[in-house]
Structure formats: C-alpha cells, structure tokens
Amino acid sequence: MPIPRRDPLVLPLGAPEAPLDRVGGKAASLAALATAGLPVPTGFDLTTAAYRRFVAENDLAAAILDATSVADKSDPGSLDRAAATIHALFEGGGMPPDIATAIREAYAGLGEDDPAVAVRSSATAEDLPDLSFAGQQDTYLNMRGEAALLDAVQRCWASLWTARAIGYRLRMGIDQHTVAMGVVVQVLVPAEVSGVLFTANPTTGDRSELVVNASFGLGEAIVSGQVTPDTYTVDRASLATKAVTLGAKEAMIVASDGQGTTTAAVAEARRGERALSDPLLRELATLALCVEQQFGVPQDVEWAVANGRLWLLQCRPITSLLPAPLPDVRWEPAEPGTQWVRRQVVENMPEPLSPLFDELYLREGLDRSSDAMQDAMGVPRRVRKVIDRPLFATVNGYAYMRASLNLRWWTVPLVVGAMLTGVPAMFRKGISYWRDDGLPAYLATVRHWKQLDATRASDELLLRGVRELAWADATYWFAATLAIGAAKVADDVFSRFLSIAAPGRNLSSGLYLRGFPSKTLEAQAELEAIAGRTGESEALQALMAATPAHRLREALASISEGRATLEALQQYLDRFGHQIYTLDFAEPTQADEPLPVLLSLKALSRDLGRSIRDRQDDLAREREQLVEQTARSFDPLRRKLFRSLLALAQRFGPNREEALFYVGAAWPTLRRLATVLGQRLADAGSLASADDVFYLKSTELAEASAARTDGRALPHLARLASERRALRQARKRLHPPAAVPPTMRWKLGPIDLSGRETQRRNTSDAMTLRGFAVSPGRVTAPASVILSPADFSNMEPGTILVCPTTTPAWTPLFAQARGLVTDIGGVLAHGSIVAREYGIPAVMGTGSATQRVAQGQQLTVDGDAGTVTVAT
C-alpha cells in the first residue's frame, strides 16, 4: 500500500519527531544523544517511510514474503537463498525520484562539497533492550558524492534481508513482515583511534566495571574482528584504570582516497603503544556514563577520536547481560554441623527458589506432608525423631534435603527395624495410598479452588487458596514418593541381579522397562495427531512453516483452516498444560508458556517421522525379545529369579511416570489466584507488577493487603520484591554442588550412600564426564544447551539436549533430540524414562554438563557406559 506523502522522508539527526518506528533503533538512539547535547557527528536520517515507499513502488512486498516463507532458521542454505533472492530484488529496484531528491538536498545541507559520510542501517527491530541485531545489517563508510550515497542507501535497505538478519529474526520470533529500515547518514569522523565501550563488564556482568576496546583507525576493524584491540578495565566509581591488556593492533582500517575504506598495516613501533591515554580514557568513561544515564540501562557504545576530540558514533543496550556476580559465595550448611544433598523432590527444582515457594512449599508444605505420609504408613514417632526438621532448606537459594541423621546408639535398632518393615509396607500399602487416597484428595482440592471466582474473592481468601494449594501439592508429593520409591527399589534389586548374574553384558534395567504406555507419551501422541491434521491443508502447511512459534496461535486464528487446529491445541493444553518445567510455582506451566509445544508442533508439521506409538510398539517387541533371550541364557534357578524380579520392576516401574504426571496439577489454579492478588497489590502501589507476588512472603502479602484495605501503599515491599528478584537472577549463575558441605560423603553410619546422590562429582577439567547410564546407545552430535524454558527456541533438531534436568513439560523437545545429558537425575528420573521410549542414548546426573558444554559443541554420549565426551 502506498505510504501517505505527508510522512517525512528525511529528518535532521536529533529531530524530536524521530521515534523508533520512524527512523529505526540506531537513529532513535543517536537522536536521544544529540538532544542531550552529547558529541554526535552531524547528519540526517532517512526514515522508514522512504524504505516502505521504495518497496511499494517497486512492488517487492509479495516477493519478499514468498522468499522468507521458505526460510528455515536451522537450514543455512535456505537463509542464503532467501537473502540472495531479496537482494536481487533491491538491486533491480528503481529509486523513486522524490526520495532521491530528498537525499540530495539533505546531503547538500551537510556543508562542504561532496563530504565523506558514513551510511548506517537503522532497522526498527534493532538496538532494543532485548534485541541488539548488532552486525546483522550493513554500514558503508567514506561514501562521497550523490551517486555513491544513493547506491549505499539502497544497499542498506537490502541489508535488512541478509541471511544473518533473517535467521536472527526467526530465532527471536520477530515477524519478518513488520520490520522496516531507516538509514543514518553522518559526516565521517576521520578517526585516529576508535573502539567500543561497555558500561558493564559483558563477560562477568560486573556493573562496577567499564570495559573498553580500542585500536588505531576506524572502528570497523574491531567490530568486524579484523584486529586484536587494547582492552582497558575502568572502575565505575573512581574512573581509575584497573587493568590494561595491549592488543597486537597489527592493522587498521582507514578511508580510501576515493570511495570506501582500505586496510593498512600499523607500524611495528606503534603496535606496542597504548591506543588510549589515561586522560582520554577518563573522558570517554565519563561520556559513556552519561549515555547510560540517558537510557537507564547498561550500554554498548561505539566511539572515535579525531584531532583529540571524542565522538559518539552509536549506542545500544547490552543484551543478555549477565546478572552482577555475587560476592563471597559459600556453600555452607543451612544449620551448623548438618549435611545436605540435592535429591528427592529437589531434583525438580534446578533453579534458585522464589521466596513464596520456599516458604509455603519447601518449608511448610513438605514438613506437613511428610508427617501425613508417615502417619498413613504407620512409622513410629520415635523413629521420626532420628531426622530433625526442617527436612528441606535452601543454600544460596537452591533447595537441599537434609542428609544428616540424629543417630544415637539406642536409635540404631529402631532405624534398622523401620527399614526392614518400611520397604515391604511401601510395596503393600504405598501404591494404594498414592492411587486411592493421595491423588483423589489432591485433585479434589484443586477442583475446589478452581471453582473460585478470583475477581470477587477477598485478598485473604486468595492468599488462603495459594497456601492450601501449595500444601496440597506438597502432600501429594510424599504420597507419590511411595509409588516412586517402590519403582526405585524394584529397579535397584533387578539392576543388582543383572550386574551379578550377567556381568559384562551391558544389560541395564532400562532395556526391560521400555515400551510401556504413559501420560507423557500420550501427550506426545496427541500432539503428533494435531500435526498430522495440518498436512491436510496447503494453506495451513504454509502458515506453519512461515510463522514464528510464539505467533502461531494468533496466526492459526486468522484463517478458517487454522481454527480447528487451534481448538485441538487448546484441548491439548486443557488436558496436559498443567505440566511443569520446574516445580517452583513462580515459573509458568506448559499452559502458561506453551512455546515448547508450539516449536514441537512446527517441527512435526514439517516431518512427522515415525509416530511415538509405532516406536513404542517397536520397543515393546524388542523388550520382549530381550526378555526371552536373557531368560534362555540363565540356568533354571537364575531364570526363575530373573522373571520374578523383572515382573516386580515392570509392575511398579510405570507407576513412577503416572505419579509424576500430576505433580504441579494445582499450579495453574494457584498462579491464577496469586496473580489476581498480585495485580490488586500492584494497582495499590505496593508491588511493581503482578508477578512480584512470588517474591514476598505470606506475612508481607497479608500486610500489603491490609494496607490496601486502608487505602495505603507500601512501596518498600515493591523494592523488596525487586531486590529479591534480582538476587534470584544472580543466583541462577551459581552451580549448586551435589552436597553441602561440598566435601562431605553421604553416609548412614558405616554405610556409604553417596551412590544415591543424583549428581556425579566430576573434576572441573575432565573432558569425559561421568554420569548415570540410563538409556542405551552411543551418539555423536552437536549440543543444544537449554537451561530453562526461556532457551527452548535454541533447541536445534538432530542435536543432543543438554539441560539441568527434565520434567514432563520438557517432553516435546525429545522428539528433536538425538541424545540427552543432564546435570541431575538417575535411572528412574523422568528424562531417563522418556529417553528410553524415544530410543535415544542418555546420561544423567553428570553434575556439571551445562557448565562444561557450549551451544553447538560436539559431544559423544555413551548411554551404556554412562559417559559424555566433550570435543576440544
């Protein structure tokens, strides 16, 4: 559609009417700097209206749509083809006369005849707080004359569609057809020295340091990686230089005599000199801090020095800046003299906990539920005193289970007796208690609170609902542990038998527990069915291929063929969407954040492959064949024992996934009640946002509610929530040890229980990580390192999934994985069971894989030996 003529084509650099949607991110930032009186080279902006006019008058929109609709972020070839097609369109397009005239007039207004200028792209989706697009589009330096300038502008527009830019937008979920390109034209600074300054340390996240890269000549040498620059670290408070690392600075980029730039050698005598003196460094740091103050967030600033004067060339927020490092972190027991391990329910809490979850679930709920379970199982009161309370606590925000026992000589017979009677009781009564009592009671509580009209409920009732739902899930957890425990004991006994009766034959228990139905795999089968139906419509297939996953539901609603798919997807989420990514209810459930489901649906719509049902049937046949082969290899006595122990493992093993499926079933309702309460408190001025509710404790929430009733705000609670949120984010950079103190060995008297830990203790420099062999096979492939749901879009098909742990909500990623490696977990962890059903090798419980492995790094996973080899 033609752009209305009233939209300006050119604006002076720094014009107040230069917002991001009109001039792009780079130009909008420069306008803010110029308006603030900071030293910015003079120039002008070519607005996005000019870009859109060029596209419209050359009738390029449909062809661009066609080219990008077949681009796949995981296929570099498709990105290159799309980029080449679009670049040819721009090269063949004619510059509208009125745009050419506007550019010529603005260029003439720069002063001297044919001044050398820098022509920089300025896209509407770049230089944003969460999206930098640094280096995705083009810059042309030392352009002289109208013809060269017009050609550079057209090439800048085309650079909106480089392969890198198209791929980046696909990965970040940006609609390709909403972006446009502005262009910044500035008088070229003939830089003697130039570089980049970060107002926070980009490597460590330390906000007390500024980091400067500097080299001779124009800054493109540093930005493009053609030179090793000097690196200066500056203290923010004093502006003193803390460290200097001289780079080689062997070459520099300088303006050519004609158009463009050329590379020149730096004289050997200058290479060892500092590019920046301390006075200039201090002046630059002062300017950079002014830039940061202007925008309110840490900045990445490009700068240049000419004739002793500093110029600011561009700035952008530092994206993906790590939280500031925590000082003096120590892994010390929650109580002096005690010991703690990361196992049991803690396996489902890979990240530091939110304060409300810590209080209501970890500390209150689990202690209450432990008592309820022990009452049901008839555990004597005297035995319970062997374990002090609380059963669970946090160290640096991470959850741990108490491992130290309050043993006395007279308690030993009690403990031994309880163990001897407890295991049979678990098999005899535990399953029925879980299935007939714990689960129905839990689901009844969820139904009760689900019926509540949260918008009409009092603050007090909402908070009570949050507490009761947290307690209900914790109570269900200990009921579920009886089913999980029975499965684990049966598996342990069977595994021990195989290791003794069939040594050296690599017969793991997991080989005999594959091919059984489960709720998790039922969910995957339903997703495959939805994907299969999308193949019945060409329009639907095209939409699925072209639409970013995070916009998929909106796109499906926009066409008639997509509405049935959208309805089926909603039914899927209604049934399975309670599944958790992590147990902390501050984090979204699958229904709240269905991105992994949508990513999987897109992948399945491209290539369904073999269905999960067919794979299960194959695994079941292989399992039964192996059972018969193994049985025949034993003598009659061992054969009978083999079949008895196998029957026990197969009877109780599938209960584990069934029990875990319902963990977190209360969270959609709990989160709804909590966020309604949070929104009320935010409206009253006691919280900054609704989800701050998870960063206060229940007494603080009650206090805020009472103040709201009185018409008062408690802004100190908003500050407290913000501080706790920031602390939790910073703690996510920590890597919790398997035990606290880290050097302790978990023992029960003389019995070493360290083998029961769910994290192996690998050395920091080992290139082969040991873990638990949980799913057989061997594979070599690149890694996709996924730390949390926020990283799910980084999962590349055909890679090895490396993550802290998995829960049922992670299952859609398994369809794209060739192997699995985790920090936490063992043979009966969720990931091990699902990996076996998908037939992919898996090693769990490495303790440090997410710290040691980088995205795309080559790994070899040996699911028989329990090792992960990291390529150097």
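This structure is a prediction, so every number in the text was calculated from the model and none was measured.

**Student:** So what about the overall build of the chain? Which residues, and what values?
**Tutor:** Across its full length, the chain holds 28 helices and 27 strands. Relative to the globule expectation of 29 Å for 872 residues, the C-alpha radius of gyration of the chain, 31 Å, shows essentially globular dimensions. With respect to the three principal axes, the spread of C-alpha positions in the chain is 100 × 65 × 60 Å. Counted over contacts in the chain with a minimum sequence separation of 6, partners at least 24 positions apart contribute 70%. Carbon and sulfur atoms form 53% of the exposed surface of the chain, whose accessible area is close to 36000 Å². Across the chain, 92 positive and 98 negative side-chain charges occur, with their mean positions spaced 9 Å apart.

**Student:** Run through the sheet that holds strand S8 (residues 230-235), naming residues and quoting values.
**Tutor:** Spatially, six strands are ordered S9-S8-S7-S6-S12-S13 in an open sheet, and the strand pairing comes out antiparallel. With partners counted over all chains shown, the strands left at the sheet margins are strand S9 (241-245) and strand S13 (309-317), one partner each. This sheet shows a mean twist of 20° between the axes of neighbouring strands, independent of strand direction. Pairing analysis gives four bridges linking S8 to S9, with the strands arranged antiparallel. Looking at S9, one finds that Val234 is bridged to Thr241. Helix-sheet contacts for helix H11 (residues 278-295) involve strand S6 (193-198), strand S7 (209-216), S8, S9, strand S12 (299-306) and S13, and the interaxial angle to S13 is about 40°.

**Student:** An account of the environment of Gly24 is needed here, citing residue identities and associated values.
**Tutor:** Looking at where Gly24 falls in the secondary structure, it is placed in the loop between helix H1 (20-23) and helix H2 (25-35). Using a relative accessible area of 0% as the deciding quantity, one classes Gly24 as buried. Residues Gly24 and Asp791, 767 residues apart in the sequence, show an inter-C-alpha distance of 27 Å.

**Student:** So what's going on with the pairing of strand S5 (residues 181-187)? Which residues, and what values?
**Tutor:** With six of its seven residues buried, S5 lies for the most part within the structure. Two strands pair when backbone bridges link them, and strand S2 (residues 43-46) and S5 are joined in this way by four bridges, in the antiparallel orientation. Bridge pairing links Gly43 to Gln186 in S5.

**Student:** I'd like a description of unusual backbone geometry, backed by residues and values.
**Tutor:** Cis rather than trans, the peptide bond between Val740 and Pro741 has omega equal to 0°. In this structure, Pro741 sits in the loop between strand S17 (739-740) and strand S18 (747-748). Of note in the backbone geometry, Asp59 takes a positive phi value of approximately 55° without being a glycine. Assignment of secondary structure puts Asp59 in the loop between helix H3 (48-57) and helix H4 (61-69). Backbone geometry at Asp328 places phi at a positive 50°, although glycine is not the residue there. Mapped onto the elements, Asp328 comes out in the loop between S13 and strand S14 (340-341). Residue classification places Asp328 among the exposed positions, given a relative accessible area of 59%.

**Student:** Give me the sheet that holds strand S22 (residues 778-785): which residues, what numbers.
**Tutor:** With mixed pairing, the eight strands of this open sheet are ordered in space as S20-S27-S26-S22-S23-S24-S25-S21. Each of the sheet's edge strands pairs with one partner strand only, and the pair in question is strand S20 (768-770) and strand S21 (772-775). When strand polarity is set aside, the average angle formed by the axes of neighbouring strands in this sheet is 30°. Strands in contact with helix H27 (residues 830-838) are S21, strand S24 (817-822) and strand S25 (842-844); relative to S21, the strand with the most contacts, it is inclined by about 40°.

**Student:** Describe the packing of helix H16 (residues 519-534) against helix H19 (residues 560-576), with residues and values.
**Tutor:** Pairs of packed helices are described in terms of their axes, by the angle between the two and the distance that separates them. At a closest axis distance of 10 Å, the pairing of H16 and H19 adopts a crossing angle of 175°. It follows from the interaxial angle that H16 and H19 lie roughly antiparallel. For the pair H16 and H19, the contacting residues are Lys519, Glu522, Ala523, Glu526, Leu527, Ile530, Arg533 and Thr534 in the first and Thr565, Ala568, Leu569, Gln571, Tyr572, Arg575 and Phe576 in the second. Looking at the contact of H16 with H19 residue by residue, the classes come out as seven nonpolar, three polar and five charged.

**Student:** How would you sum up the packing of aromatic side chains? Please name residues and give values.
**Tutor:** Taken as a whole and judged by the stated rule, the model has 23 aromatic pairs. Ring geometry for Tyr581 against Phe792: centres 5.5 Å apart, planes inclined by 75°, an arrangement best described as edge-to-face. Here Phe792 lies in the loop between S22 and strand S23 (799-803) and Tyr581 lies in the loop between H19 and helix H20 (595-606), a separation of 211 residues in the sequence. Of the two residues, Tyr581 and Phe792, neither departs from the other in class, the shared state being buried. Ring-pair connections join several aromatic residues into one group, and the members of that group are Phe357, Tyr361, Phe585, Trp667 and Phe694. A cation over a ring is seen here: Arg342 above Tyr400, with NZ or CZ 5.6 Å from the ring centre.

**Student:** Can you tell me about helix H21 (residues 612-633), naming the residues and giving the values?
**Tutor:** Quick reminder: α-helices carry 3.6 residues per turn. Residues three or four places apart thus point the same way. If you check H21, its first and last C-alpha atoms are 31 Å apart, about what 22 residues at 1.5 Å a residue would give, namely 32 Å. For H21, the set of buried residues is Ile612, Arg615, Gln616, Leu619, Ala620, Arg623, Leu626, Val627, Thr630 and Ala631. Buried residues of H21 fall within an arc of 140° about the axis and therefore sit on the same side. For H21, the secondary structure elements touched by its buried residues are H16, helix H22 (636-652) and H27.

**Student:** Please set out helix H26 (residues 715-731) residue by residue, giving values where relevant.
**Tutor:** A rise of 1.5 Å per residue sets the reference length of H26, with its 17 residues, at 24 Å; its end C-alpha atoms lie 25 Å apart and thus fit the reference within 8%. Among the residues making up H26, those that are buried are Leu717, Ala718, Ala721, Arg724, Arg728 and Ala730. Buried residues along H26 sit against helix H12 (355-377) and helix H25 (698-709).

**Student:** Lay out the pattern of salt bridges in plain terms, naming residues and giving numbers.
**Tutor:** It is possible for side chains bearing opposite charge to pair when their charged atoms get close. Counting across every chain of the model gives 40 salt bridges. Ionic pairing is found between Asp459 and Arg680, a salt bridge with its closest N-O pair at 2.7 Å. Within this pair, whereas Asp459 is found in helix H15 (residues 459-501), its partner Arg680 is found in helix H24 (residues 667-683), the two being separated by 221 residues in sequence. In this structure Asp459 comes out as buried when scored by relative accessible area, which is 8%. Put simply, Arg712 and Asp710 hold a salt bridge, and the shortest N to O gap is 3.6 Å. Assessed through its relative accessible area of 43%, Arg712 is described here as partly exposed. By sharing partners, the salt bridges in this structure join Asp300, Glu302 and Arg316 into a single network.

About the cut-offs
Residues numbered from 1 in each chain as written. Predicted model: local features only at pLDDT ≥ 70, side-chain atom pairs only at ≥ 80, totals over all residues. Heavy atoms only, no water. Helix = DSSP H or I, 4+ residues; strand = E, 2+ residues; numbered from the N terminus. Rg over C-alpha atoms; globule rule 2.2 N^0.38 Å. Contact = heavy atoms within 4.5 Å. Areas by Shrake-Rupley, 256 points an atom, 1.4 Å probe, with all protein chains shown as cover. Lys, Arg positive; Asp, Glu negative; His and termini not counted. Charge placed at Lys NZ, Arg CZ, Asp CG, Glu CD. Pairing = 2+ DSSP bridges. Axes fitted to C-alpha atoms, helices over the stretch in contact; angles between N-to-C directions. Buried < 20%, exposed > 50% of the residue type's maximum accessible area, 1.4 Å probe, protein only. Parallel < 35°, antiparallel > 145°, perpendicular 65-115°, else oblique. Nonpolar A, V, L, I, M, F, W, Y, C, P; charged D, E, K, R; others polar. Phe/Tyr/Trp six-rings, centres within 6.5 Å; stacked < 30°, edge-to-face > 60°. Lys NZ or Arg CZ within 6 Å of the ring centre and 35° of its normal. Expected span 1.5 Å × (residues − 1). Arc of directions from axis to C-beta. Salt bridge = Lys/Arg side-chain N within 4 Å of Asp/Glu carboxyl O.

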